[in-house]
Amino acid sequence: MSLAMLHVIAWAAAGSTAPRSASRVAQSRSTAASPPLIDIAPLVRSYENGDELDADTVARIRDACSDWGFFLIKGHGVPEELVERFYEQKRLFFALDKPTKARIHRTQDNSKGWYDNELTKNKVDWKEGFDIGAQDGDLDGVGLDGFNQWPDEGFGVPDFEPTCRAYYAETHRVALVLLAAMAQGLGMPADHFAGAFDRHTSYLRLNYYPVCPQPDEHQCIGPHTDAGALTVLSQSPVKSLQVLNGGEWYDVAPVEGTFVINTGDVMQVWSNGLYKAPVHRVIAQRDKVRYSSPYFLNPNYDCDYEPIPSCVTDERPARYRPINWGKFRMARFAGDYADVGAETQIQTSRFAERYLPRRVLLLKSSTRGDGTRATQYSWGRTCAQSGAWPMRAHTLGMHFKAAASAGEA
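Residues numbered from 1 in each chain as written. Predicted model: local features only at pLDDT ≥ 70, side-chain atom pairs only at ≥ 80, totals over all residues. Heavy atoms only, no water.

Participant: I'd like to hear about the environment of Gly133, residue by residue, with values.
Facilitator: Considering the arrangement of structural elements, one finds Gly133 in strand E7 (residues 128-133). With 15 residues separating them in the primary sequence, Gly133 and Asn148 have C-alpha atoms 6.5 Å apart. Not counting residues up to four positions away in its chain, the partners in contact with Gly133 are Lys112, Asp138, Leu139, Asn148, Tyr168, Ser202 and Tyr203. (Helix = DSSP H or I, 4+ residues; strand = E, 2+ residues; numbered from the N terminus. Contact = heavy atoms within 4.5 Å.)

Participant: Could you give an account of the packing of helix H2 (residues 55-67) against helix H5 (residues 160-185), naming the residues involved and the relevant values?
Facilitator: Where H2 contacts H5, the two axes come as close as 9 Å, and the packing angle between them is 80°. Judged by the angle between their axes, H2 and H5 are roughly perpendicular. Across the interface between the two elements, Val58, Ile61, Arg62 and Cys65 of H2 pack against Leu178, Ala181, Met182, Gln184 and Gly185 of H5. (Axes fitted to C-alpha atoms, helices over the stretch in contact; angles between N-to-C directions. Parallel < 35°, antiparallel > 145°, perpendicular 65-115°, else oblique.)

Participant: Could you give an account of the side chain of Ser202, with specific residues and numbers?
Facilitator: Topologically, Ser202 is positioned in the loop between H5 and strand E8 (203-209). For Ser202, a relative accessible area of 0% puts it in the buried group. Setting aside residues no more than four positions away along its own chain, Ser202 makes contact with Ile132, Gly133, Ala134, Tyr168, His172, Tyr295, Phe296, Leu297 and Asn298. (Buried < 20%, exposed > 50% of the residue type's maximum accessible area, 1.4 Å probe, protein only.)

Participant: Summarise the packing of aromatic side chains; cite the residues concerned and give the values.
Facilitator: For the coordinates displayed, the defined rule picks out 15 aromatic pairs. Residues Tyr168 and Tyr295 carry aromatic rings whose centres are separated by 5.0 Å and whose planes lie at 90° to one another, so their mutual orientation is edge-to-face. In this pair, Tyr168 sits in helix H5 while Tyr295 sits in strand E15 (residues 290-297), placing the two residues 127 residues apart along the sequence. Like Tyr295, Tyr168 is buried. Geometry around Tyr115 places Arg106 over its ring, the cationic atom sitting 3.9 Å from the centre. Directly above the aromatic system of Trp249 lies the positively charged group of Arg281, at a separation of 3.9 Å from the ring centroid. (Phe/Tyr/Trp six-rings, centres within 6.5 Å; stacked < 30°, edge-to-face > 60°. Lys NZ or Arg CZ within 6 Å of the ring centre and 35° of its normal.)

Participant: Tell me about the pairing of strand E12 (residues 248-251), and please be specific about residues and values.
Facilitator: The sheet contact formed by strand E11 (residues 241-245) and E12 spans four bridges and is antiparallel. Along E12, the bridge assignment pairs Asn245 with Glu248. Taken together, E11 and the strand that follows it, E12, pair antiparallel across an intervening segment of two residues, in which Gly246 is found at a positive phi of about 60°. (Pairing = 2+ DSSP bridges.)

Without other data, these values stay purely geometric and don't point to any function.
Set out below in structure tokens:
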């Protein structure tokens, strides 16, 4: 006999006790006209040797996360030869005809694969993309938001998969170094966040931005923030990326041999707003093709994140409720794939919100007789002032199976 359970994905109302700490993390103010370039070689050495993290580099990263949420890094140790091979494989893949690429198209049931119809803020982006991600830390796993699809031998790109796997591993290594620095910059031990990533759900995105005949009427990617903890981005030498700071848009120009780093929504919540998840966008180009590849460092599906003790004081109380990453991620993916209303953002979890969100993600799980678990997600609506659950749900059609012993998705 199956056991059906309905879980309403909404966060606890204000009033729960938040951790307190006497320590405060100062924020500096930027006077620069663009995000800073930071040499992280001393940080990488200290991290890989198991020493105390290089304090000067930690301080520079802390200030960049507070001022911009964006910075560039050099001295990261990623072989330039690997980056070049990766970009060559990316060009070969996107040069394939669309019917061929569509054989591994991303779907509502699987967030991994090729696509040319992604939405940002519910508007179609002027780009093609290909997503590769880990499920519980495993590139070969099956998880909450799908599984990887690789080109087979019929695609004619035999080096694509091994090159992408090697590049993924290198960007993940860099991301963990930066994660440690960000933790220490907030007054916590360097390994404070490590447990949230031992079964991480990070993914690598390959972006192709074709020329746009009417760049004033389109954007490659509209204004948005990144959902995860931090992003490690490489980009081809075409200036299109911009970050919003102080109400103005600033170019983030490509610099050879560097990666662009930005903090995401998860880090903003952990830092209680001391580190900001910056709004950024990609401008369309009339006569230039652009490629980029962000690596999104995302926590475990079951990670519940909230402001950490060092960032909560009597003067600066917690600004966010606890948020579950798996549920938040599914809501964001739904907005990437189809127009389901307002894009899911961390602001819906602010204590300042008086009422429950009008749109919530519902999760219905059932255990079949053969021991497998089926999970269905759907959008439901709340009555904003009474908190009652109304009447209809818009099915997203996301069904996944997992061993019953794995517990709730």
